[in-house]
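Chain and residue survey
Residue-level listing of the chains:
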Amino acid sequence: MPARILVLGGGFAGLATTRKLERLLQPGEAEIVIVSRENFSLFTPMLPEIGSGNLETRHVVTPVRAQLHGSHFVLGDVRKVDLAAKTVEVEHTITRTRNTLSYDQLVFALGSVTSTFNLPGVAEHAIPYKTLTDADRLRNHVIAMLELADVSSDPAERKRLLTFVFVGGGFTGVEAAGEMADFFRSTLRFYPSIAQDEVQIFLVEGGKKLLPELQAGMGEYSAKALTRRGVHVLLETLVSGADAHALHFKSGDSIETETIVWSAGVKPSPVVAALPIATGRGGSIAVNPDFSVPGYPGLWALGDCASIPSPDGKTYPATAQHAIREGPALAENIVAALRGKPTKPFRYTSLGMMASLGARRGVAGLQGRFLLTGFLAWVLWRTYYLARLPGLDRRLRVAFDWTLGLIFPRDIAELRVYSSEAQLRAQQEAGIAMPPVSEQIGI
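Residues numbered from 1 in each chain as written. Predicted model: local features only at pLDDT ≥ 70, side-chain atom pairs only at ≥ 80, totals over all residues. Heavy atoms only, no water.

**Concerning a positive patch on the surface**
Just so we agree on the cut-off: For patch detection, residues must exceed 30% relative accessible area and be free of salt bridges, and they are connected within 9 Å for like charges or within 5 Å for nonpolar side chains (Val, Leu, Ile, Met, Phe, Trp, Tyr). We get accessible surface area from the Shrake-Rupley algorithm with a probe of 1.4 Å; when it comes to residues, only the shown protein chains can shield them. What counts as a salt bridge is simple: a side-chain nitrogen of Lys or Arg found within 4 Å of a carboxyl oxygen of Asp or Glu. The positive count covers Lys and Arg only, the negative count covers Asp and Glu only, and His and the chain ends enter neither. Here the site of a charge means NZ on Lys, CZ on Arg, CG on Asp, or CD on Glu. Helix and strand labels come from DSSP, where a helix needs a run of H or I of at least four residues and a strand needs a run of E of at least two; each type is numbered from the N terminus. Burial classes: relative accessible area under 20% of the type maximum marks a residue as buried, over 50% as exposed, and values in between as partly exposed (1.4 Å probe, protein chains only).
Together, Lys224, Arg228, Arg360 and Arg361 make up a region of like positive charge exposed at the surface. Positionally, Arg361 belongs in strand E23 (residues 361–366). Among the residues examined, Arg361 registers a relative accessible area of 37% and is labelled partly exposed.

Written out as structure tokens, the structure is:
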């Protein structure tokens, strides 16, 4: 019987691993099975542009099945992993039936979920910004706030409705705040009763600068660029909690708002937390430099759910850039292990980091030495990520969306179509009970 390689997760890391395995393995040498809760992969660097309506939702997702060549795809949620029996229990996303899959080699590429650090009220009242559902939810919520403010005669209520707070000064928070500023500048023409200066956007960061992952100077430039466009940047501001109408800070201050967008932290998948293995950064799986899990032959981990040591003694950052390069390296090690050959440690030097600030502005740090800002950085950001988008059809669609965005305003249609499955999943991960989405206005 051929060995069975089971890959858990259909994101950047999982798919990169699977596609490389397909190319390396000989016919009949091994069976590859990939499990994902969605039947598509999301190109996360473009997620903020979905929330602002600059890109169509389907243009940044690619069906998993369309990216495979011989591997077997299973649509489902991982419910239980038995490391001793070498089995994984999977629940089908649609039918909710459960099936047990056995394996010889198991790859954890489950990514991460939003973490609110157990701050009171945040999980209940903030909108996370991690998934496609989150981006669609935010866009519809923002449009709903404009519609409600348009008919409100209460000054206090109107101010709350038109105040939008983004928490987290990393890539997602910075890019989402910049995109939202573009959205309002493009769409407020359709709301003549709402003045531009009535809309308030806040970006809250607990550290001393934005984009702390980037080299010196990039965070400062980003803060100045966003401030010039009307975004209120609050640094060294720690959140203490939230309620239905405000975000509260440890300083005792608060911001009255109906919209809190949370991108301040992530944690590994809950499945990882239930494993009886050593953990590293933020509760992720601690692995050897070759992605293997100590003490468990045939068990591997990569991407957001793994702490992968680098030669300098630190761990590699959990970014898409690293995940798409970790996958092929892991695939080579799995094949080497199957053939009784030695594995190799993962080594990679980052090409640089980039962020889009909206308004045709961006920042880019190249290999830790070169700093590029403004229009050229924005062009570089778009060029690089467009080239990395899977599939020629997706690249053409996104390029067409960007071209139309230069000519026409953003769409303000509020589509109240929500995924109950996605909502239930988010509730389970957060450990909270919420009313059905149909009973929530604008959320």
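So that's the structure; there's more coming.
**Regarding the side chain of Glu49**
Formally: Any two residues having at least one pair of non-hydrogen atoms within 4.5 Å are treated as being in contact.
Residue position: Glu49 is located in helix H2 (residues 47–51). Judged by its relative accessible area of 3%, Glu49 falls in the buried class. Residues contacting Glu49, with those up to four places away along its chain left out, are Asn54, Leu55, Glu179, Trp381, Arg382 and Trp402.

**Some remarks on the packing of helix H4 (residues 132–151) against helix H6 (residues 171–187)**
Rule in force here: Between N-to-C directions, angles span 0 to 180 degrees; the directions come from axes that are lines fitted to C-alpha atoms, helices contributing only their stretch in contact. Orientation is classified from the angle alone, with under 35 degrees giving roughly parallel, over 145 giving roughly antiparallel, 65 to 115 giving roughly perpendicular, and any other angle giving oblique. Helix crossings are classified by the rotation of the near helix relative to the far one: an anticlockwise turn of less than a right angle makes the crossing left-handed, while a clockwise turn makes it right-handed. The residue classification treats Ala, Val, Leu, Ile, Met, Phe, Trp, Tyr, Cys and Pro as nonpolar and Asp, Glu, Lys and Arg as charged. All others, Gly included, are polar.
The contact between H4 and H6 brings their axes to 13 Å, and the two run at 40 degrees. Of the possible angle classes, the one that applies to H4 and H6 is oblique. As for how H4 packs across H6, the hand of that crossing is right-handed. On H6, the residues that touch Leu138, Val142, Ile143 and Leu146 of H4 are Met180, Phe183 and Phe184. Each residue belonging to the contact of H4 with H6 can be placed in one class, and the counts come to 7 nonpolar, no polar and no charged.

**Observations concerning the pairing of strand E22 (residues 352–358)**
Side-chain direction in a regular strand flips from residue to residue, so the side chains alternate between the two faces of the sheet. Which entries qualify depends on this criterion: In this scheme, strands are said to pair when DSSP sees at least two bridges between them.
Here E22 lies mainly inside the structure; 7 of its 7 residues are buried. The side-chain alternation of E22 yields two buried faces, one formed by Gly352, Met354, Ser356 and Gly358 and the other by Met353, Ala355 and Leu357. Bridging between E22 and E23 involves 6 bridges; their strand directions are antiparallel. Looking at the pairing, Ser356 lines up with Gly362 of E23.

**A look at the side chain of Glu22**
Inclusion rule: Here a polar contact is recorded for every N or O atom pair within 3.5 Å, except that within protein the pair must consist of a potential hydrogen donor and a potential acceptor, and residues adjacent in sequence are included only if both atoms are side-chain atoms.
Within the fold, Glu22 resides in helix H1 (residues 12–24). Buried and unpaired, Glu22 has Arg23 as its nearest opposite-charge partner, separated by 6.4 Å. Side-chain polar atoms of Glu22 contact the backbone nitrogen of His69, separated by 2.8 Å. Apart from residues lying up to four places away in sequence, Glu22 is in contact with Ile32, Gln67, Leu68, His69, Gly70 and Ser71.

**Considerations on the nonpolar core**
Side chains of a nonpolar character, in soluble globular proteins, are inclined to be buried together. Quick note on the threshold: We call a set of buried Ala, Val, Leu, Ile, Met, Phe, Trp, Tyr and Cys residues a nonpolar core when their side-chain atoms join them within 4.5 Å.
Counting residues in each nonpolar core, the largest one holds 60 residues, and the members touching the most others are Met46, Val60, Phe166 and Phe184. For this core, the element with the highest residue contribution is H4, accounting for 9 residues. Phe184 has contacts with Val142, Leu146, Phe164, Gln196, Val199 and Ile201, leaving out every residue within four places of it along the chain. Formed by 54 residues, the second largest nonpolar core is a distinct cluster that contains Val7, Ile34, Ile277 and Ile334.

**A short note on the environment of Gly362**
The residue Gly362 is located in strand E23 in this model. For the pair Gly362 and Gly178, spaced 184 residues apart in sequence, the C-alpha separation works out to 9.9 Å. Beyond its immediate stretch of four places on either side in the chain, Gly362 contacts Tyr221, Ala355, Ser356, Leu357, Leu372, Thr373, Gly374, Ala377 and Trp378.

**A look at the packing of aromatic side chains**
Applicable threshold: Think of it this way: a Phe, Tyr or Trp ring, Trp meaning its six-membered ring, pairs with another when their centres are within 6.5 Å, and the plane angle makes it stacked under 30 degrees, edge-to-face over 60, tilted otherwise.
In the structure shown here, the tally under the stated rule is 10 aromatic pairs. With centroids separated by 5.4 Å and ring planes inclined at 45 degrees, the aromatic side chains of Phe291 and Phe346 adopt a geometry described as tilted. Pair noted here: Phe291 is in the loop between strand E19 (285–286) and strand E20 (299–301) and Phe346 is in the loop between helix H9 (320–338) and E22, with a separation of 55 residues, a long-range link. Using a relative accessible area of 0% as the deciding quantity, one classes Phe291 as buried. Relative to Trp378, the ring of Phe375 has its centre 5.6 Å away and its plane inclined at 35 degrees; by these criteria the two rings are tilted. You can see Phe375 and its partner Trp378 sitting in helix H10 (residues 375–388), 3 residues apart, about one turn around the helix. On the basis of relative accessible area, Trp378 is assigned to the buried category, the value being 12%. Among the aromatic side chains, those forming a connected cluster through ring pairs are Phe12, Phe43, Trp381, Tyr384 and Tyr385.

**Thoughts on the pairing of strand E6 (residues 87–92)**
Here strand E5 (residues 72–82) runs beside E6; their pairing, made up of 6 bridges, is antiparallel. Following the sheet pairing, Asp82 is matched in E6 by Thr87. The turn joining E5 and E6, which pair antiparallel and follow one another in sequence, is formed by 4 residues; a positive phi near 55 degrees is taken by Lys86. Where E6 folds back onto strand E7 (residues 98–102) in an antiparallel hairpin, the turn is made up of 5 residues, including Arg96, whose phi is positive at roughly 65 degrees.

**A few points about H9**
Spelled out, the test is: Every helix has an expected span of 1.5 Å times one less than the residues it contains.
The first and last C-alpha atoms of H9 sit 27 Å apart over 19 residues, in line with the 27 Å expected at 1.5 Å per residue. Those residues of H9 that fall on the buried side of the exposure criterion are Gln321, His322, Ala323, Glu326, Gly327, Ala329, Leu330, Ala331, Asn333, Ile334, Val335 and Ala336. Buried residues along H9 sit against strand E1 (3–8), H1, strand E8 (105–108), E20 and E22. Gly340 lies just past H9 and shows a positive phi near 75 degrees.

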